[in-house]
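Architecture at a glance
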Amino acid sequence: MTTDESDRYRAPALDKGLDIFELLAETDGSLSQAEIAKSLGRTPNEIYRMLDRLVRREYIRRTPEDRYEITLKMFELVHARPPLRRLVNQAMPLLQQVAQEAGQSCHMVVFERNAAIVVAQVDAPSYWTLAVRVGTRLKLTSTGSGLVFLAFSSPENRALMLKGAGEALTPEIEARLPTIRKDGYTLMVSEQIAGVTNVSAPVIGPLGTVMAVITSPYTERRDRNSSEDQAHTLKLVRAAAASLSKGRTEE
């Protein structure tokens, strides 16, 4: 398409709304109307109506301090069924590889409709396995997958996620989040099952947000060196998450 043809089919109002949305998506925290206008090279009056519509449609929210920040609505739309199926299809070979090489089950979790939900799962190749059923809703504050979602979210989105899930952070859990973000994974002793350590790593999307979390509920085995075995499982989980992140970025 030539430049003239591109100009002919422009939709200025849509461009303005997308500019605002993309600016807020790339910003940690919130921006005032004046800050948004300045960043986009517009006047506050030019963007007032567009901000109002985006708030009413719940793509952004207005804070009590009269500032604007992005909501999770677009995040939820991204995880609508067709994109989710593609994500699962891309993830399944990687999950199968983790399960086969680690000898442990493996699953993938997305955050959808105010909950962390298991959307794919592969059993361990041995005659025994510990697995989390597809469709299971996981707690954010007491599971490895949930902590990864919280650790890689902005404080504002984290608050929205917790509010939607009906959970609250304790000071102890909140203190762990910076380390998880810095390390890029978490090893969390299961609060539900003895002898299980959740090995979790994030799948990062193009905008730097967590699209999903890959977790292996690592189960200790008496016939293996636990420390070396767990380290190998962590390496496999992180590699699978990194590979899926790269695939999503290149779409």
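Anyway, here's the lowdown on the structure attached to this text. (Residues numbered from 1 in each chain as written. Predicted model: local features only at pLDDT ≥ 70, side-chain atom pairs only at ≥ 80, totals over all residues. Heavy atoms only, no water.)

It is worth spelling out the packing of aromatic side chains at this point. Under the counting rule described, the total for this entry stands at two aromatic pairs. The interplanar angle of 85 degrees and the centroid separation of 6.2 Å between the aromatic rings of F21 and Y59 together place this pair among those described as edge-to-face. Placement of F21 in helix α2 (residues 12–25) and of Y59 in the loop between α4 (44–56) and β1 (60–62) is noted, with a sequence separation of 38 residues between them. On the basis of an interplanar angle of 55 degrees and a centroid distance of 6.2 Å, the ring pair of F111 and F149 is categorised as tilted. Note that F111 is positioned in strand β3 (residues 106–112) and F149 in helix α7 (residues 144–151), a separation of 38 residues in sequence. Take F111: its relative accessible area is 1%, and that puts it in the buried class. (Phe/Tyr/Trp six-rings, centres within 6.5 Å; stacked < 30°, edge-to-face > 60°. Helix = DSSP H or I, 4+ residues; strand = E, 2+ residues; numbered from the N terminus. Buried < 20%, exposed > 50% of the residue type's maximum accessible area, 1.4 Å probe, protein only.)

Moving on to the pattern of salt bridges. Using the criterion set out here, one finds five salt bridges in the structure. Among the salt bridges present, the one from R67 reaches E35, with a minimum N-O distance of 2.9 Å. Of this pair, R67 sits in the loop between β1 and β2 (68–70) while E35 sits in helix α3 (residues 33–40), and the two are 32 residues apart along the sequence. Owing to a relative accessible area of 25%, R67 belongs among the partly exposed residues under this scheme. Of the residues examined, E35 reaches a relative accessible area of 32% and is grouped as partly exposed. Two residues, D66 and R62, come together in a salt bridge whose shortest N-O distance is 2.5 Å. (Salt bridge = Lys/Arg side-chain N within 4 Å of Asp/Glu carboxyl O.)

With that settled, the discussion passes to the sheet that holds strand β4 (residues 115–122). An order of β5-β4-β3-β8-β7-β6 is seen for the six strands of this open sheet, with the pairing classed as antiparallel. Strands with a single pairing partner mark the edges of an open sheet, and in this sheet they are β5 (137–138) and β6 (186–189). Relative to strand β8 (residues 210–219), β3 runs antiparallel, the two being bridged by three bridges. By the bridge assignment for β8, M108 is matched with I214. Contacting β3, β4, β5, β6, β7 (196–204) and β8, α7 runs over the sheet at an angle of about 150 degrees to β8. (Pairing = 2+ DSSP bridges. Contact = heavy atoms within 4.5 Å. Axes fitted to C-alpha atoms, helices over the stretch in contact; angles between N-to-C directions.)

Our focus in this paragraph is the packing of α3 against α4. Axis separation between α3 and α4 bottoms out at 9 Å; the angle between their running directions is 115 degrees. Here α3 lies roughly perpendicular to α4, going by the angle between them. Judged by the sense of rotation from one axis to the other, the crossing of α3 with α4 is right-handed. Every residue of α4 that contacts α3 at Q33, A34, I36 and A37 is listed here: P44, N45, I47, Y48 and L51. Here the residues of the contact of α3 with α4 sort into seven nonpolar, two polar and no charged. (Parallel < 35°, antiparallel > 145°, perpendicular 65-115°, else oblique. Left-handed = near helix turned anticlockwise from the far one by under 90°. Nonpolar A, V, L, I, M, F, W, Y, C, P; charged D, E, K, R; others polar.)

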